Each structure stands twice: as structure tokens, then as C-alpha cells.
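Structural features, examined
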Amino acid sequence: MQVITTRVPIGVVAAIIPWNSQMLLTAVKLAPALAMGNTVVIKASELAPVTLLEFAKLIDKVGLPKGVINIITGLGEPCGKALTTHNLVERIAFTGGPETAKHIVKNSAENLSQVSLELGGKSPVVVFDDADQENALNGITAGIFGASGQSCIAGSRLYLQSNIYDEFLKKLISKAEKIKLGGPMERDTQMGPLNSFKQLEIIEKNIKLTLDQGGKLRCGGKRHSVSNKGYYFPPTVIECNNHNLPTAENELFGPVLSVMKFDNEKEVIDKMSFVMKEAYGNPSSTHSFGRKSKSYLENARKSIASILNAEPKEIIFTSGGTESYNMIIQRAVLDLNVKTIISSPIEHHAVIHAIENLDNINYNNVLLSKDGSIDLEHLEKLLIENNDLKLVSLM
């Protein structure tokens with residue numbers, strides 16, 4: 001008996017792109033579709049279509065066959081609906097808001113197309129009292145005020161441990177107030193305008209509701225007159241005493257940071273998990289170092305080991321792809337008897353590359369899952385200093 005599996009293109013892929021991070025989000029949809037021999041119809045956002053129309057000129061210039069990549073513009077109704085219900089579309093890749101996604105899922109029932117969705121985020125950032133505060137401040141300000149906060153992975157919820165809360169918040173406000181608003185083409189501009197007047201109104205409405213319900217405005221909060229063009233809103237920090245306040249709960253797509261206080265690890269996990277479970281996905285981040293970090297990771301490692309029916313010492317979290325990273329993975333497998341490697345999907349190829357030339361490695365012992373990432377330098381340090389640990393794990 002002989003079984004042959006042949007992979008073939010699925011046909012036409014519909015890619016629906018939002019107005020933010022257009023080229024990045026186009027690339028992650030377009031590249032794999034083309035690599036597998038499919039044709040693509042890209043719908044540009046009606047709020048900012050010019051970027052993709054310029055991209056179309058470049059596509060034409062490089063000489064791709066006509067019809068391989070197609071770019072259309074228009075409103076969701078009727079343009080988006082016509083695209084997502086068309087009987088020749090075999091797959092729909094969408095990035096945008098959950099309300100639009102619901103319409104797309106309903107539309108896909110018309111042609112039974114496969115659907116992949118990347119939706120909203122309300123990403124939490126946690127700062128423990130043992131964190132490098134300067135490093136945390138830089139990461140937080142870049143995460144929420146970069147691109148004027150117009151990102152599904154903007155770190156818009158900040159949790160500060162209570163014994164550093166006042167000191168850290170004071171430094172954060174000082175940093176936020178120094179950010180210079182201006183036109184995107186000006187050299188000294190650090191933060192530009194919002195995409196639309198509608199977005200400005202949504203942000204203002206949520207801030208007003210939050211303040212009416214007990215939130216405390218610490219900086220920003222009112223539209224900024226940089227020029228007579230553009231919708232400018234300054235970096236804004238609001239103290240929130242619960243998760244039900246609008247700015248702490250709703251994705252705003254703007255430079256608004258909701259700050260909350262916590263006392264211990266269990267409390268902050270419960271707090272940040274509540275909002276994520278209710279409506280959102282996308283990243284979270286933690287700033288911590290040393291003894292407490294090891295405690296948090298030990299708990300995560302034991303939980304995963306229990307699920308896998310494995311020993312904790314046989315599990316390693318990975319991320320990377322550099323040559324030094326490959327050597328660390330190889331050493332973990334050979335010297336530390338690591339049998340389970342937990343990696344993000346995008347790094348699977350790097351993990352396989354790192355171990356494919358090693359002898360006596362059973363690929364069944366290598367788990368490539370969606371969980372985990374590490375700090376390369378800290379991992380290397382742990383490997384050198386803790387040979388008796390038998391497990392290296394740094395989220």
C-alpha cells in the first residue's frame with residue numbers, strides 16, 4: 001500500500017487589511033499565500049487606502065503576472081461583503097475589530113471559505129517591585145505611545161505593584177509629558193496624529209465616562225492643537241480603581257494608559273486575566289528580575305509538566321533563531337536532558353534547525369507549541385551558572 005500526499009494551492013485568498021500597520025499586515029497575509037501558489041485579493045481600508053494603492057504600483061513594476069495580486073478599495077458594505085461571500089474565495093484573512101469579524105464569519109457561510117481572524121487587544125503590562133524601572137519605563141512608553149497607541153498590541157493596561165506605585169507613576173507621567181506631538185514629516189516629532197476624527201471622539205467619550213465613574217486623570221486627556229490639520233491627542237495617563245472603567249476595559253486605539261495597583265502575584269494574574277478572558281487576545285508583558293521571576297516561572301513549568309505528564313526538568317521555553325541561540329538549544333538537549341521544547345509557531349523552524357544534526361534525538365520528544373519565549377542572555381547565564389538545575393526556563 002502506498003499513500004501519497006500532494007499539497008496544492010487552495011485558489012483565491014481574500015486579505016482584508018486595517019488602516020494601521022498596513023504593510024506589515026499585508027506582508028504576513030500575502031507572502032504565505034503567494035508562496036503556496038495562490039492568488040490574492042487585498043481590500044484596503046476605506047480610511048487610508050493610499051498606502052496599498054502605492055504598493056500596487058510596485059507590484060506592477062516588479063513584473064508579477066496580472067491578476068496574481070489584486071487590490072480593491074471601498075466600504076465594507078458592499079465591497080467587503082461582495083469579497084467575503086464570493087464563491088471563488090477559498091480563504092479569508094482578516095485583521096480588524098470584532099464587530100466586523102462577526103459579519104465576515106457570517107459571510108463566509110455563503111462560500112464555506114476558511115477564515116483566520118486577528119482581532120482586538122487590551123494588552124496588560126505588569127511591573128513588579130524588583131523590576132529595572134528605567135527599562136520598564138522605556139518599554140511602557142514605547143508600547144502605548146508609539147504610533148499614537150494605534151495598535152492592537154499597545155500596552156494599554158498597566159499594573160504596578162503597590163510598594164513602587166507612587167514613585168513609578170510619577171516617573172512615567174514625567175516621561176509622558178515630555179513627548180513632543182507634531183506632524184509626521186517633522187524631524188523632532190515623537191508622536192503624530194490619530195487616524196480620524198471618529199477615533200478622536202471615541203477616545204474622548206471613553207475618558208469622560210471613566211472620569212465620571214471615579215477614574216483620576218494624571219496627564220493629557222484633552223485634544224491638542226498642533227496645527228489646523230490632523231487629529232492630535234496627547235499621551236494620557238489615567239488611574240483606574242477597577243476593571244469596569246471604560247478606558248481599562250475597552251480597546252481605544254489611542255495614546256491612553258490605564259494604571260492599576262496590585263499587591264501580589266495571584267492578585268495581578270486574576271486581574272489581568274479577567275479582561276483578556278472576556279474579549280481580548282494578543283500579547284502581555286512582565287517586568288521583573290531575579291528571585292521572584294524564578295518563582296513565577298517555576299509555577300508555570302510545573303503546570304505544563306503536569307499537562308504533558310512529564311518531568312519539569314525535561315521542559316524548556318524557547319524563542320530566537322540566532323546562531324548563539326542554536327548552540328544554547330543544543331546544549332540544553334545534550335547536557336541537560338531536555339526533552340520538551342515549547343516554542344512559538346514562528347520559531348519552529350529555528351528549533352528544528354538547532355537540533356536536526358544532533359545524534360540520538362527523538363523528535364517525538366520535542367513539543368512545538370504556541371506558548372513561551374525567553375530572554376537569550378538570561379537563558380545563557382542560567383545555563384552556565386545552574387548546571388544542576390536541569391531546566392532552563394525564562395518567559
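An account of the accompanying structure is given in this report.

It is worth spelling out the overall build of the chain at this point. Summing up its helical and strand segments, the chain has 13 helices and 13 strands in all. Every one of the 395 residues in the chain was classed for burial, and the buried ones make up 43%. Here the analysis covers contacts within the chain between residues at least 6 apart in sequence; of these, 70% occur between residues at least 24 apart.

Moving on, we come to the nonpolar core. Val 127, Ile 140, Leu 158, Leu 160, Phe 168, Leu 169 and Val 259 are the most contacted members of the largest nonpolar core, which totals 26 residues. Element by element, the count of residues in this core is highest for helix α6 (residues 165-177), at 6 residues. Ranked by size, the runner-up nonpolar core spans 18 residues in total, among them Leu 200, Phe 233, Met 260 and Phe 262.

The subject of this paragraph is the environment of Asn 138. Structurally, Asn 138 is set in helix α5 (residues 133-145). In the structure, Asn 138 is positioned 37 residues away from Lys 175 in sequence and 8.9 Å away in space, judged by C-alpha atoms.

Relative to the assigned elements, Ala 147 resides in the loop between α5 and β7 (157-161). A sequence separation of 43 residues divides Ala 147 from Gln 190, and the C-alpha atoms of the two residues are 9.2 Å apart.

Moving on to the packing of aromatic side chains. Tallied over the entire structure, the rule returns 3 aromatic pairs. Measuring from centroid to centroid gives 5.5 Å for Trp 19 and Phe 253, while their planes differ by 75 degrees, and the two rings are edge-to-face. Here Trp 19, found in the loop between β1 (12-16) and α1 (22-35), pairs with Phe 253, found in the loop between α8 (246-249) and β10 (256-262); they are 234 residues apart in sequence, far enough to count as distant. Relative to Phe 262, the ring of Phe 128 has its centre 5.3 Å away and its plane inclined at 80 degrees; by these criteria the two rings are edge-to-face. With Phe 128 in the loop between β6 (124-127) and α5 and Phe 262 in strand β10, this residue pair connects regions lying 134 residues apart in the sequence. The buried category is assigned to Phe 128, whose relative accessible area is 3%. Over the aromatic face of Tyr 165 sits the side chain of Lys 261, whose NZ or CZ is 4.6 Å from the ring centroid.

Our next topic: the pattern of salt bridges. Counted by the stated rule, this structure contains 9 salt bridges. Across the salt bridge formed by Asp 212 and Lys 208, the nearest N and O atoms sit 3.0 Å from each other. Note that Asp 212 and Lys 208 are positioned in helix α7 (residues 197-212) at a spacing of 4 residues, about one turn of the helix. Relative accessible area serves as the criterion here: at 53%, Lys 208 is assigned to the exposed category. Residue Glu 239 is joined to Arg 218 by a salt bridge in which the shortest nitrogen-to-oxygen separation is 2.9 Å.

Here the focus is the packing of α5 against α6. Relative orientation of the contacting elements α5 and α6 amounts to 50 degrees, with a least axis distance of 10 Å. With respect to each other, α5 and α6 are oriented oblique. For α5 against α6, the interelement crossing comes out right-handed. Judged by residue contacts, Gln 133, Glu 134, Ala 136, Leu 137, Asn 138, Ile 140, Thr 141 and Phe 145 of α5 engage Glu 167, Phe 168, Lys 171, Leu 172, Lys 175 and Ala 176 from α6. Split by residue class, the contact of α5 with α6 holds 7 nonpolar, 3 polar and 4 charged.

Among the residues of helix α3 (residues 76-85), those classed as buried are Cys 79, Gly 80, Leu 83 and Thr 84. Angular distribution of buried residues about the axis of α3 spans 115 degrees; they occupy a single face of the element. Away from its buried face, by an angle of more than 90 degrees, α3 presents the exposed residues Glu 77 and Pro 78. In this structure, the buried side of α3 is in contact with β1, β2 (39-43), β3 (69-72), β4 (89-95) and α4 (98-111).

Looking now at the pairing of β10. Most of β10 sits out of view: 6 of its 7 residues are buried. When β7 meets β10, the two strands line up parallel, connected through 5 bridges. Paired with Leu 160 across the bridge in β10 is Lys 261. Where strand β9 (residues 236-239) and β10 come together, 4 bridges link them in parallel fashion. Bridge pairing in β10 links Glu 239 to Val 259.

Thresholds, definitions, all that
- Residues numbered from 1 in each chain as written.
- Predicted model: local features only at pLDDT ≥ 70, side-chain atom pairs only at ≥ 80, totals over all residues.
- Heavy atoms only, no water.
- Helix = DSSP H or I, 4+ residues; strand = E, 2+ residues; numbered from the N terminus.
- Buried < 20%, exposed > 50% of the residue type's maximum accessible area, 1.4 Å probe, protein only.
- Contact = heavy atoms within 4.5 Å.
- Core = buried A, V, L, I, M, F, W, Y, C linked by side-chain atoms within 4.5 Å.
- Phe/Tyr/Trp six-rings, centres within 6.5 Å; stacked < 30°, edge-to-face > 60°.
- Lys NZ or Arg CZ within 6 Å of the ring centre and 35° of its normal.
- Salt bridge = Lys/Arg side-chain N within 4 Å of Asp/Glu carboxyl O.
- Axes fitted to C-alpha atoms, helices over the stretch in contact; angles between N-to-C directions.
- Parallel < 35°, antiparallel > 145°, perpendicular 65-115°, else oblique.
- Left-handed = near helix turned anticlockwise from the far one by under 90°.
- Nonpolar A, V, L, I, M, F, W, Y, C, P; charged D, E, K, R; others polar.
- Arc of directions from axis to C-beta.
- Pairing = 2+ DSSP bridges.

Geometric values such as these leave the question of function open.
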